[in-house]
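# Fold and geometry: a report
Spelled out, the chains give:
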Amino acid sequence: MEQNDRTQRLSDTPQAENREKLARIYMTAVTVLGALFVAAGFFQLEVPWSFSILLLLALFLLITESSAIPVWKGAITLGFPLIFSIDLLFGLPVALITYAVVVAFIHQMRRRTPSIVAFNPAQLVISLAAGKWAALTLTGSWVTLPDSLGGILAYATIYTVVFYLVNHLLVDVLLWLRPQPFPLHQFGQKLVLESAGMLFSIFYLGLFFLLGDQNRGDVVDIFSFFFFFSPLVGIALIGSSNFKLRREKERLEGLVTISEELNRHIPDRDWLSGMEEHLQKLFEFDALSIWIKKDGEWRNELDRGVGIVMPDEKEINRIAEETKELTAVMSVDRDPVLKSLLHSSIRSAVICPMTENGEIGGLILVARRRPQETRPDELKVVKALANQLEVVTRGRTLMIEREQRMILEERNRIAREIHDGIAQSVAGTVMQLEAARRKAEEGSDGCLETMNHVLPGLRKSLTEIRESIYALRPFPTDARGLFKAVKEETDRVKRENPALKFHFTWEEAPELAPQIEKLVYNTFKESVQNAIKHAGAEEITIAGAPESDGSFRLRIADDGRGFLLRDALMKSRNGRHFGILNMNEEAAKADAVLQIDSRPGEGTAIELHIPGDEEGRDDSA
């Protein structure tokens, strides 16, 4: 299955690489066009009439472009009213150069790839120039801007709408060219975000011109721009903080959910299946592999991604040898070792080893199709995921060791029982049969008497063998469920004891853990056997029902001779069967309550109370 998946990815990879190549060509074309606009701006550049106002607006632009405002399921920036004001006050060349420098600086500080550092400023510069051209053309304002408030508002509205439309289109074309899926609902979500930013910009610019029209003739200095745009910057900062908090909340919820899913599926073979849908909440990736080393061999436990060929076992082993700590590679082409090990479809990667007893016992590989810098917060989340997987892996190892130890103990127990029970009985029978044979050969009397004495022992040994075989079978509740197991055992006891009267009532129990079902079944079976073998009961009542608080109650009552609980406990301590003492100990292990009510001559009633979830939580609190 894994080989078929790898083959399918190999067949998908050329198409994905071709689309990625087209996307890179498109980014280069946009970058070159944007660079031409900026270069043209330098040739037409005039000395700003106020460097203080320009620096203030550029600083505010830097803050707003660095701060994303959460809207619905995404985010927008609020820098357009500022760049529009720079264009209005100092001309388009100054606005183009300022916009390009500020955005490039932001991406450089965030350590984005050179292609992103160049493409995003170029995209915004082209959008700004397109918006300016459309506004001048449609309002006929190539010579001077409109004097009326309505005219200038129309100019600003056209400018803003065209800017956002062109910016939206340039990004969408890139998303459609890339091999990653870009479904219609994501396009709609992005359109809503862009529209929200556009409407906010139109509103703020309208407010800008409205207040300017009312204060016409007053001196407009740096303080006027500071006080007018300070709320915009404040909204951007508050919104950005809110966005980061929401992002961290989503990551925390994702980690908690993954932790719960991992703990729930620890015993399962496909133990990582529950965490797949939550991984995208933690960090961005195009493909992800999780490898675990078991008995010296690497096993792929999770492999997700389309159009990217992830490493196989041999390559992972070499990567583990070369990578001893968390490593983020912005461009695989710059790392000769990883470039030789990873498929050409992987352009950037995060490799996080998982250690166990000081040795690498696992590996998380996060792969992306494009060179991309991994943010520090994403690296922390990858490391947190690795730590969680380390804990779960140790838990799985301990569970496997415990199961193996239990199997060994069970084998030893069976061996002891066979040696001390069946083997001794059969050995004694063989000796008696040999003695009978000698008597028969000598013609002595007593041969028939010996045979009659041996047969009951043989029958007893046969019964013990059958009981041992039955004990080795899967537990009845595992094979058939609690209700069917109890019902079938009751029917079997009825057939073997036709004179015994049974009253059986059972309501479907809530979903109980396997060990709890075994406890209920063992308590039921031991109670019925005691009622038949030791109490001489003629009637037995069996009832099982859930309670209103989510708990479950089992009741076994008989009309037998009854007993003193103290005497029964003493006998149970000296016995080797699942007696009353053992029933009570097993109930205590499961946080259940076993109640026994019995008096000589008055029968016996045994109740087992299994607490529900709510009750268990209250007790633990």
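Report on the accompanying structure. (Residues numbered from 1 in each chain as written. Predicted model: local features only at pLDDT ≥ 70, side-chain atom pairs only at ≥ 80, totals over all residues. Heavy atoms only, no water.)

## Examining the overall build of the protein
Our working rule: Counting from the N terminus, the helices are DSSP H or I runs at least four residues long and the strands are E runs at least two residues long. Buried means the residue's accessible area, taken with a 1.4 Å probe over protein chains only, is under 20% of the maximum for its type, while exposed means over 50%, and partly exposed covers the values in between. Residue contacts are counted whenever heavy atoms from the two residues lie within 4.5 Å of one another. Here the accessible surface of atoms and residues is derived via Shrake-Rupley with a 1.4 Å probe, and residues count as covered only by protein chains that are part of the display.
Looking only at helices and strands, the protein features 18 helices and 12 strands. Sorting the 621 residues of the protein into buried and exposed places 41% on the buried side. Within the protein, counting contacts between residues at least 6 apart in sequence, those at least 24 apart form 67% of the total. Carbon together with sulfur atoms contributes 57% to the accessible area of the protein, which is approximately 34800 Å² in total.

## Examining the nonpolar core
Worth spelling out the cut-off: Take the buried residues of types Ala, Val, Leu, Ile, Met, Phe, Trp, Tyr and Cys, join any two whose side-chain atoms come within 4.5 Å, and each joined set is a nonpolar core.
Phe 80, Leu 128 and Phe 229 are the most contacted members of the largest nonpolar core, which totals 52 residues. Broken down by secondary-structure element, the contributors of at least two residues to this core are helix H2 (51–66), helix H3 (80–90), helix H4 (92–109), helix H5 (114–139), helix H6 (149–177), helix H7 (184–214) and helix H8 (222–264). A total of 10 residues in this core trace back to one element, the largest contributor, which is H4. Setting aside its immediate chain neighbours within four residues, Phe 80 contacts Leu 128, Tyr 159, Thr 160, Phe 163, Tyr 164, Ser 201 and Leu 205.

## Notes on the sheet that holds strand E11 (residues 593–598)
Note: strands within a sheet are paired through backbone hydrogen bonds, in either parallel or antiparallel orientation. What counts here: By definition, two strands form a pair when at least two bridges between them are found by DSSP. The axes are straight lines fitted to the C-alpha atoms, using for helices just the contacting stretch, and the angles between their N-to-C directions are given from 0 to 180°.
Spatial ordering of the open sheet is given by E8-E9-E10-E12-E11, a layout of 5 strands whose pairing is mixed. Across the chains shown, the open sheet's two edge strands, defined by having one partner strand only, are strand E8 (501–506) and E11. Along the sheet, successive strands turn relative to each other by an average axial angle of 10°, direction set aside. Sheet strands in contact with helix H14 (residues 482–496) are E8 and strand E9 (539–546), and its direction is about 170° off that of E8.

## Re the packing of H3 against H4
For any two helices packed against each other, one specifies the inter-axial angle together with the distance between the axes. Quick reminder of the rule: Two helices crossing with the near one rotated counterclockwise from the far one by less than a right angle form a left-handed crossing, whereas a clockwise rotation gives a right-handed crossing. Any residue that is not Ala, Val, Leu, Ile, Met, Phe, Trp, Tyr, Cys, Pro, Asp, Glu, Lys or Arg is counted as polar, Gly included; the first ten are nonpolar and the last four charged.
Contact pair H3 / H4: the axes reach a minimum separation of 7 Å and the direction vectors enclose 145°. At the point where H3 passes H4, the crossing takes the right-handed sense. Side by side, H3 and H4 meet where Ile 83, Ile 86, Asp 87 and Phe 90 of the first sit next to Leu 92, Val 94, Ala 95, Thr 98 and Tyr 99 of the second. Looking at the contact of H3 with H4 residue by residue, the classes come out as 7 nonpolar, 1 polar and 1 charged.

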